[in-house]
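Chains, contacts and geometry: an overview
Residue strings, one per chain:
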Amino acid sequence: MFDGPVTEYLSRHSQGVLVSRSVNIFGVGESAVEERLRDTLMKSEDPTVAPYAKASEVLLRVTTRAETKEEGYRKIGPVVSQILEIFPDNVYGLDCGSIEEAAVGYLKAFGLTAAAAESCTGGLVAKRITDLPGASEVFGLGVCAYANEMKEAVLGVRHETLLKHGAVSRETALEMARGVRAVSGADIGVSTTGIAGPGGGTGGKPVGLVYVAAVSAAGEEVLELHLSREREDDRENIRLMASSYALSLVIRMARQCKRGQKEEGDAGKSTRRA
């Protein structure tokens, strides 16, 4: 009823329209976002910029009132562009429901595929991707290699790597990502390994230490994360945040692959012209 007659009635009797866009940011806390925007945008009265904290994310809602939707979007555009300039590596989408929706959207748009090798997240990355309809177009393999033996047998992680650096290490995460990419033939391989707790932590490797890696033709990247908040629900929170960081790396790698494709295409055009 609201989407139909109620909206139509209010539109006929209102002065103009409200227009909003949501900017989805990951990897920067709410206080840090407000600090970096305070002098330029947070004091703006039209359009307004309002931050909303989500689980390991921040959503910025940019809103204005205008005579028409088209005029409203024109007013909002420069503010959204400025936010993108301030957070070029942290904005994962506009008007996007979730980071997994953004990841699948980028993969589909760029014609790429991904595969996941998971330890501490226990298949959560694969679940979040495959919860979405149409995920089979971009995701073909998820491996939950919890035991070291499976990391070796399925993903090709070297025994020497596990002995020297341990299962929770930068080196193991990278070999897991390389391995799942090789086994699946995917464009992007992503991995997680860490200590979700509540036990298993040591002085050198405490609960909450997680390594997330991603590998593609565009390069390799490993994140070292410290995700513990020393709360009763730490295990669930650590696993959720680790999976979100993995999805953010998929997005980053997809963007890098796309830039690489564009550069190759531009080089080809230059060669043909020469």
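Attention in this report is confined to the structure presented alongside it. (Residues numbered from 1 in each chain as written. Predicted model: local features only at pLDDT ≥ 70, side-chain atom pairs only at ≥ 80, totals over all residues. Heavy atoms only, no water.)

1. Details of the sheet that holds strand 3 (residues 57-66)
- Ordered by their spatial adjacency, 4 strands build an open sheet running 2-3-1-4, and the pairing between neighbours is antiparallel. A strand with exactly one partner marks an edge of an open sheet, and here the two such strands are strand 2 (48-54) and strand 4 (91-94). Neighbour to neighbour, the strand axes of the sheet diverge by 25 degrees on average, direction disregarded.
- Strand contacts of helix 3 (residues 69-86): strand 1 (17-26), strand 2, strand 3 and strand 4, with the helix running at about 145 degrees to strand 3, the strand carrying the most contacts. (Pairing = 2+ DSSP bridges. Helix = DSSP H or I, 4+ residues; strand = E, 2+ residues; numbered from the N terminus. Axes fitted to C-alpha atoms, helices over the stretch in contact; angles between N-to-C directions. Contact = heavy atoms within 4.5 Å.)

2. Notes on the packing of aromatic side chains
- The tally for this structure, following the rule as stated, stands at 2 aromatic pairs.
- Arranged with centres 4.6 Å apart and planes meeting at 70 degrees, the rings of F26 and Y245 form a pair that is edge-to-face. Of the two residues, F26 sits in strand 1 while Y245 sits in helix 9 (residues 234-273), which places them 219 residues apart along the sequence. For the pair formed by F26 and Y245, the shared burial category is buried.
- When the centroid spacing of 5.7 Å and the interplanar angle of 50 degrees are considered together, the rings of Y106 and F110 count as tilted. Taken together, the residues Y106 and F110, both in helix 4 (residues 99-110) and 4 residues apart, mark about one turn of the helix.
- If you follow R61 out to its NZ or CZ, it ends over the ring of Y52, 5.3 Å from the centre. (Phe/Tyr/Trp six-rings, centres within 6.5 Å; stacked < 30°, edge-to-face > 60°. Buried < 20%, exposed > 50% of the residue type's maximum accessible area, 1.4 Å probe, protein only. Lys NZ or Arg CZ within 6 Å of the ring centre and 35° of its normal.)

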